[in-house]
Amino acid sequence: MSIRIITVGKRHESWVADGIDRFSERLKKPYDLAFKLVPHTTAGEQRSRDEESAAIMKQLRPTDHVMLLDERGKNFSSPQLAGQLQQLFDTSHSVALVIGGAYGVNDQLRARADTVWSLSNLVFPHQLVRLMVAEQIYRAQEISAGRPYHHQ
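Below: a short report on this structure. Given the structure is predicted, the values throughout are model-derived calculations rather than measurements.

1. Structural notes on the sheet that holds strand β1 (residues 3-8)
Taking strand neighbours across the sheet as the criterion, the five strands line up as β2-β1-β4-β3-β5 in an open arrangement whose pairing is parallel. In the strand order of this sheet, the two ends are held by β2 (33-38) and β5 (115-118), each with one partner. Across the sheet, the mean angle separating the axes of adjacent strands is 30° when strand polarity is ignored. Where β1 meets strand β4 (residues 94-99), five bridges bridge the pair, whose relative direction is parallel. Bridging from a neighbouring strand, Ile5 pairs with Leu97 of β4. Relative to the sheet, helix α2 (residues 45-59) contacts β1, β2, β3 (64-75) and β4, its axis offset from that of β1 by approximately 160°.

Here it is as structure tokens:
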């Protein structure tokens with residue numbers, strides 16, 4: 001089981017890929033990452049939202065616990081995120097973490113989400129979000145294992 005990150009957009013820029021690789025190499029099951037990129041569209045706000053959301057929905061499994069990243073979601077502390085992920089792993093849930101496109105996701109995909117998670121009230125570029133999520137998953141692993149990466 002891995003954490004699948006389904007995101008809209010182009011492949012990782014080199015500085016993002018380097019950072020993701022840095023954290024991914026340190027991860028141990030079940031915290032390993034797999035990225036799936038779906039193409040973004042330029043068909044206008046609503047149509048882009050619908051097309052990108054449909055492409056994301058095709059990647060989701062019925063048994064996935066879907067965590068949608070959205071600035072209007074719930075803010076978790078790093079220990080809270082670690083606890084939530086550990087609980088999902090302990091109950092054999094697969095995790096699909098969704099990063100929508102520039103216009104977000106449609107109502108159907110939002111309704112499919114089991115958790116809506118906000119990194120911040122701020123909006124970040126998608127490339128940066130990918131890197132931040134990789135680091136937070138690594139941090140969650142370290143917290144769950146009781147290692148000293150995270151300081152209270």
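2. Topic: the side chain of Arg49
The residue Arg49 is located in helix α2 in this model. A polar side-chain atom of Arg49 sits 2.6 Å from a polar atom in the side chain of Gln46. A polar atom in the side chain of Arg49 sits 2.9 Å from the backbone oxygen of Tyr103.

3. Notes on the packing of aromatic side chains
Tallied over the entire structure, the rule returns three aromatic pairs. An angle of 40° between the planes, with centres 5.8 Å apart, marks the rings of Phe23 and Tyr138 as tilted. You can see Phe23 sitting in helix α1 (residues 14-24) and its partner Tyr138 sitting in helix α5 (residues 126-145), a full 115 residues away along the chain. Where Tyr138 meets Tyr149, the ring centres are 4.8 Å apart and the plane angle is 80°; that geometry is what we call edge-to-face. With Tyr138 in helix α5 and Tyr149 in the segment after α5, the pair connects residues that are eleven residues apart, well separated along the chain. In this structure Tyr138 comes out as buried when scored by relative accessible area, which is 8%.

4. Overview of the packing of helix α3 (residues 78-90) against α5
Where α3 meets α5, the axes come as close as 8 Å, and the angle between the chain directions of the two elements is 80°. Between α3 and α5, the interaxial angle falls into the category roughly perpendicular. Taking contact as the criterion, the partners of Ser78, Pro79, Leu81, Ala82, Leu85 and Gln86 in α3 are, on α5, Gln136, Arg139, Ala140, Ile143 and Ser144. Residue classes in the contact of α3 with α5 are distributed as six nonpolar, four polar and one charged.

5. Quick notes on the pattern of salt bridges
Under the definition given, this model contains nine salt bridges. For the salt bridge of Arg49 with Glu45, the shortest nitrogen-to-oxygen distance reads 2.8 Å. Of the two residues, Arg49 and Glu45 both sit in helix α2, four residues apart, roughly one turn of that helix. The exposure class assigned to Arg49 is buried, which follows from its relative accessible area of 13%. Accessibility expressed as a relative area gives 45% for Glu45, which makes it partly exposed. Arg139 is the partner of Glu135 in a salt bridge, and the nearest nitrogen-oxygen pair spans 2.8 Å.

Cut-offs applied
Residues numbered from 1 in each chain as written. Predicted model: local features only at pLDDT ≥ 70, side-chain atom pairs only at ≥ 80, totals over all residues. Heavy atoms only, no water. Pairing = 2+ DSSP bridges. Helix = DSSP H or I, 4+ residues; strand = E, 2+ residues; numbered from the N terminus. Axes fitted to C-alpha atoms, helices over the stretch in contact; angles between N-to-C directions. Contact = heavy atoms within 4.5 Å. Polar contact = N/O pair within 3.5 Å; in protein donor to acceptor, adjacent residues only side chain to side chain. Phe/Tyr/Trp six-rings, centres within 6.5 Å; stacked < 30°, edge-to-face > 60°. Buried < 20%, exposed > 50% of the residue type's maximum accessible area, 1.4 Å probe, protein only. Parallel < 35°, antiparallel > 145°, perpendicular 65-115°, else oblique. Nonpolar A, V, L, I, M, F, W, Y, C, P; charged D, E, K, R; others polar. Salt bridge = Lys/Arg side-chain N within 4 Å of Asp/Glu carboxyl O.

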